[in-house]
Amino acid sequence: QVQLVESGGGLVQAGGSLRLSCAASGSIFSINAMGWYRQAPGKQRELVAAITSGGSTNYADSVKGRFTISRDNAKNTVYLQMNSLKPEDTAVYYCNADLGVGLPLWYWGQGTQVTVSS
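Here is what the cut-offs are and how they apply
- Residues numbered from 1 in each chain as written.
- Predicted model: local features only at pLDDT ≥ 70, side-chain atom pairs only at ≥ 80, totals over all residues.
- Heavy atoms only, no water.
- Salt bridge = Lys/Arg side-chain N within 4 Å of Asp/Glu carboxyl O.
- Buried < 20%, exposed > 50% of the residue type's maximum accessible area, 1.4 Å probe, protein only.
- Helix = DSSP H or I, 4+ residues; strand = E, 2+ residues; numbered from the N terminus.
- Phe/Tyr/Trp six-rings, centres within 6.5 Å; stacked < 30°, edge-to-face > 60°.
- Lys NZ or Arg CZ within 6 Å of the ring centre and 35° of its normal.
- Pairing = 2+ DSSP bridges.
- Axes fitted to C-alpha atoms, helices over the stretch in contact; angles between N-to-C directions.

(A) Local environment of the pattern of salt bridges. Overall, the coordinates contain four salt bridges when judged by the stated rule. The residue Glu 46 makes a salt bridge to Arg 38 at a minimum N-O spacing of 2.7 Å. Taking relative accessible area as the criterion, Arg 38 reaches 6% and is therefore assigned buried. Between Arg 38 and Asp 89 there is a salt bridge whose closest N-O contact spans 2.9 Å. One end of the pair, Arg 38, is in strand β4 (residues 34-39); the other, Asp 89, is in the loop between β8 (77-82) and β9 (91-98), and 51 residues separate them in sequence. By sharing partners, the salt bridges in this structure join Arg 38, Glu 46, Arg 66 and Asp 89 into a single network.

Next up, the structure:
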C-alpha cells in the first residue's frame, strides 16, 4: 500500500506565500518523477510543476518565476513553494508520484485546498 499525503494548503491574501508538502509512505522501492497538479472549479486538472528523480524541473507558464518545486528523496517528500500568489491560483492542489519499476505507476494524493483572496 502506498499513500501520498498533502499538507500546507489554506487561505492567503493575494501576494502572499504558501508551501505545500506531499509525503509518500508505504511499500516504496523508489520514486521516479513527482509533481503537483491543480483543479479549479469547473476546470480540468492541470499540471503545475514536476520534478524528476534527478532534480530536473518543469513548470506551467502561469507559475514560472513564482512557484518552485523541490524534493527530499530521503523523506520521499515533494514540496511546492508558492510565492506572489494570485486569486487565479485558487484550486485544489494534488501531488502525484511515479513509483513504477520499468513501467510508470502513478499514485495521487487526496488534494489540499488553496484559496487566494483578492
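Now that the structure has been shown, we can carry on.
(B) Quick look at the packing of aromatic side chains. Per the stated rule, a full pass over the model turns up one aromatic pair. Directly above the aromatic system of Trp 108 lies the positively charged group of Arg 45, at a separation of 4.8 Å from the ring centroid.

(C) Spotlight on the sheet that holds strand β7 (residues 67-72). The strand order β1-β3-β8-β7 describes an open sheet built from four strands, whose pairing is antiparallel. Edge positions in the open sheet fall to β1 (2-7) and β7, since each of these has one partner strand only. Recorded for the sheet is a direction-independent mean angle of 15° between the axes of neighbouring strands. Strand direction decides the pairing type here: β1 and strand β3 (residues 18-26), joined by six bridges, are antiparallel. Looking across to β3, one finds that Ser 7 is bridged to Ser 21.

(D) A look at the pairing of strand β11 (residues 112-117). Burial along β11 is one-sided: the residues Thr 112, Val 114 and Val 116 are buried and none of Gln 113, Thr 115 and Ser 117 is. Pairing analysis gives four bridges linking strand β2 (residues 10-13) to β11, with the strands arranged parallel. In the strand pairing of β11, Gly 10 is matched with Val 114. Pairing of β9 with β11 involves three bridges; the strand directions are antiparallel. Bridge pairing in β11 links Val 92 to Gln 113.

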